[in-house]
Amino acid sequence: PRSPHEVGWSYDMRLSLLLLASMILHLSALVLQPSVRSVVARSSVSTVSMAHHVQKKCTKKHNAMRPKKTRLSDINRVPPSYPARPDTPWMTPVVGEETVVTVLFEPTDTADSLRAKISAGGITAPEEFVYQGTVLTGTLAEAGMTESFEETFSS
């Protein structure tokens, strides 16, 4: 013969199971379920409209964090007086006509004769001349020039 405890569930176990099932049913009524309208309304909004911790941006924060004038010497301080700015343009226009000089280069010319030809036209001559990648020390014929040509300079 078996004891009543070995046969099946005891009375206490069945009672606690019944109480648990009834509590679950009662508690499920307290859980809020979203309605169909609220689900449709939420799905149409794609961006966040409000932030939880709004912070000041850039200049607004800088001005809020500046030290406050609490001393009388700060409060009564007079702003500095700066001298007036001169009303002159930042770039001075060049007044006058442009000087154009045409120089005839010949194979017999040296660096000194080229400087004389260019400065005779009223333009500042360069300190050295370069022909085909080499600095001119003798005549243009020695540097490799065979024919004469004209060149126009402007200032």
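Model, not experiment: these values are computed from the prediction.

This paragraph deals with the overall build of the chain. Looking only at helices and strands, the chain features seven helices and four strands. Counting from the amino terminus, the chain carries its helices and strands in the arrangement α-α-α-α-α-β-α-β-β-α-β. A burial count over the chain gives 11% of its 155 residues as buried. Counting only contacts in the chain whose residues sit at least 6 apart along the sequence, the fraction spanning at least 24 positions is 62%. Summed over its atoms, the accessible surface of the chain is roughly 14700 Å², and 60% of this surface lies on carbon and sulfur atoms.

With that settled, consider the pattern of salt bridges. Oppositely charged side chains may form a pair once their charged atoms are brought near each other. Here the structure, examined in full by the defined rule, presents four salt bridges. The closest approach of N and O atoms between Arg 71 and Asp 74, which form a salt bridge, is 3.4 Å. With a relative accessible area of 52%, Arg 71 lands in the exposed category. Among the ionic pairs, Asp 112 bridges to Arg 115, the shortest N-O distance being 2.9 Å.

Attention now goes to the environment of Glu 128. The residue Glu 128 is located in the loop between α6 (111-120) and β2 (130-131) in this model. Once the C-alpha coordinates of Glu 128 and Leu 114 are considered, the two residues, 14 residues apart in sequence, prove to be 9.9 Å apart.

The grouping of Tyr 11, Leu 15, Leu 18 and Leu 19 at the surface amounts to a nonpolar patch, some 440 Å² of accessible area in total. By the secondary structure assignment, Tyr 11 is in helix α2 (residues 11-28).

As a further point, take the nonpolar core. The biggest cluster of nonpolar side chains holds twelve residues, and these are Val 101, Val 103, Phe 105, Ala 111, Leu 114, Ile 118, Ile 123, Phe 129, Tyr 131, Leu 136, Leu 140 and Met 145. Those elements that place two or more of their residues in this core are β1 (100-105) and α6. Sequence-distant contacts of Val 103, defined by excluding residues within four places in its chain, comprise Lys 117, Ile 118, Phe 149, Glu 150, Glu 151 and Phe 153.

Those residues of α6 lying buried are Ala 111, Leu 114 and Ile 118. For α6, the angular spread of the buried residues around the axis is 60°, confining them to a single face. Across from the buried face of α6, at angles greater than 90 degrees, the exposed residues are Asp 112 and Ala 120. Of the surrounding secondary structure, the elements contacted by the buried residues of α6 are β1, α7 (140-143) and β4 (149-154).

Of note, Asp 109 is situated in the loop between β1 and α6. Polar contacts involving the side chain of Asp 109 include one to the side chain of Lys 117, which spans 2.8 Å. For Asp 109, the contacting residues outside a window of four places in its chain are Leu 104, Leu 114, Lys 117, Gly 138, Thr 139 and Leu 140.

What counts and how
Residues numbered from 1 in each chain as written. Predicted model: local features only at pLDDT ≥ 70, side-chain atom pairs only at ≥ 80, totals over all residues. Heavy atoms only, no water. Helix = DSSP H or I, 4+ residues; strand = E, 2+ residues; numbered from the N terminus. Buried < 20%, exposed > 50% of the residue type's maximum accessible area, 1.4 Å probe, protein only. Contact = heavy atoms within 4.5 Å. Areas by Shrake-Rupley, 256 points an atom, 1.4 Å probe, with all protein chains shown as cover. Salt bridge = Lys/Arg side-chain N within 4 Å of Asp/Glu carboxyl O. Patch = residues over 30% accessible without salt bridge, like charges linked within 9 Å, V, L, I, M, F, W, Y side chains within 5 Å. Core = buried A, V, L, I, M, F, W, Y, C linked by side-chain atoms within 4.5 Å. Arc of directions from axis to C-beta. Polar contact = N/O pair within 3.5 Å; in protein donor to acceptor, adjacent residues only side chain to side chain.

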